[in-house]
Amino acid sequence: MAEEDAKENTAAQAAPQVQMRVLGQFIRDLSFENVMAQKGVSGDVQPEISVQVNLDAKKRPADHQYEVSIKLNLKSKAKGLEDILFLCELDYCGLFHVEGVAEDQLHPFLMIECPRMLFPFLRRIVSDVTRDGGYPPVNLDNIDFVSLYRNELMRRQAEAQKTEA
């Protein structure tokens, strides 16, 4: 038993410790278009909101530093109608220092863990912007970044198979 514990301790010491720090975060681009107000339409409507999320990550010139961005597109229509109420586009970025992640695990780490760190701030911005635009604040549901990552991998594999055929 003591031998197994010693082996586990040695293995744990040999594996590098994962370190992640948020160095900064910022809005790269933000657009809120209040279509309904521009048309001069008012009244009580039930919004129906569709959300699209895209992720991107790239290496920065400094060692172990990466930029991760979440691009969010919200489109709100009046429930049961085709009238667009508002459009919101947000490109939110974080700068991260990441060490101790195996090379084959770096991409999933950047596309899953880093967006998880940014999401609460992005959610707050969307809530404030929609409220300030004259609508009830949009409180985004949590995003399953693991599922989003897997879906993107499957999409890329399907594309690669189409080009090979």
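Per-chain numbering applies: the sequence of each chain, read as written, is numbered from 1 onward. For a predicted model such as this one, the threshold for reporting local features is a pLDDT of at least 70, and the threshold for listing and counting side-chain atom pairs is 80 or more; totals across whole chains, interfaces and linings nevertheless cover every residue. In computing side-chain values, all of the structure's heavy atoms are included and hydrogens and water are not.

### Some thoughts on the confidence of the model for the protein chain
Parts of the model with low pLDDT should not have their predicted coordinates read in detail.
Here is step 1: As a per-residue measure, pLDDT tells how confident the predictor is, with possible values from 0 to 100. Averaged over every residue, the pLDDT of the protein chain is 87; the share at 70 or more is 87%.
Here is step 2: Per-element confidence in the protein chain is highest for strand β1 (residues 19-33), whose mean pLDDT is 96, and lowest for helix α1 (residues 2-14), whose mean pLDDT is 55. Numbering of helices and strands runs from the N terminus, with a helix taken as a DSSP run of H or I at least four residues long and a strand as a DSSP run of E at least two residues long.

### What to know about the pairing of strand β3 (residues 65-78)
Here is step 1: Of the strand pairs in this sheet, strand β2 (residues 47-59) and β3 are connected by 13 bridges, and their pairing is antiparallel. Residue pairing across strands places Val-53 opposite Leu-72, the latter belonging to β3.
Here is step 2: The antiparallel pairing of β2 with β3 creates a hairpin that spans five residues between the two strands, and His-64 there sits at a positive phi of about 65°.
Here is step 3: Strands pair, by our definition, only if DSSP identifies at least two bridges between them. Where β3 and strand β4 (residues 84-99) come together, 13 bridges link them in antiparallel fashion. For Val-68, the partnering residue across the bridge sits in β4 and is Gly-94.
Here is step 4: The loop that links β3 with its antiparallel partner β4 comprises five residues; one of these, Gly-80, has a positive phi angle of about 85°.

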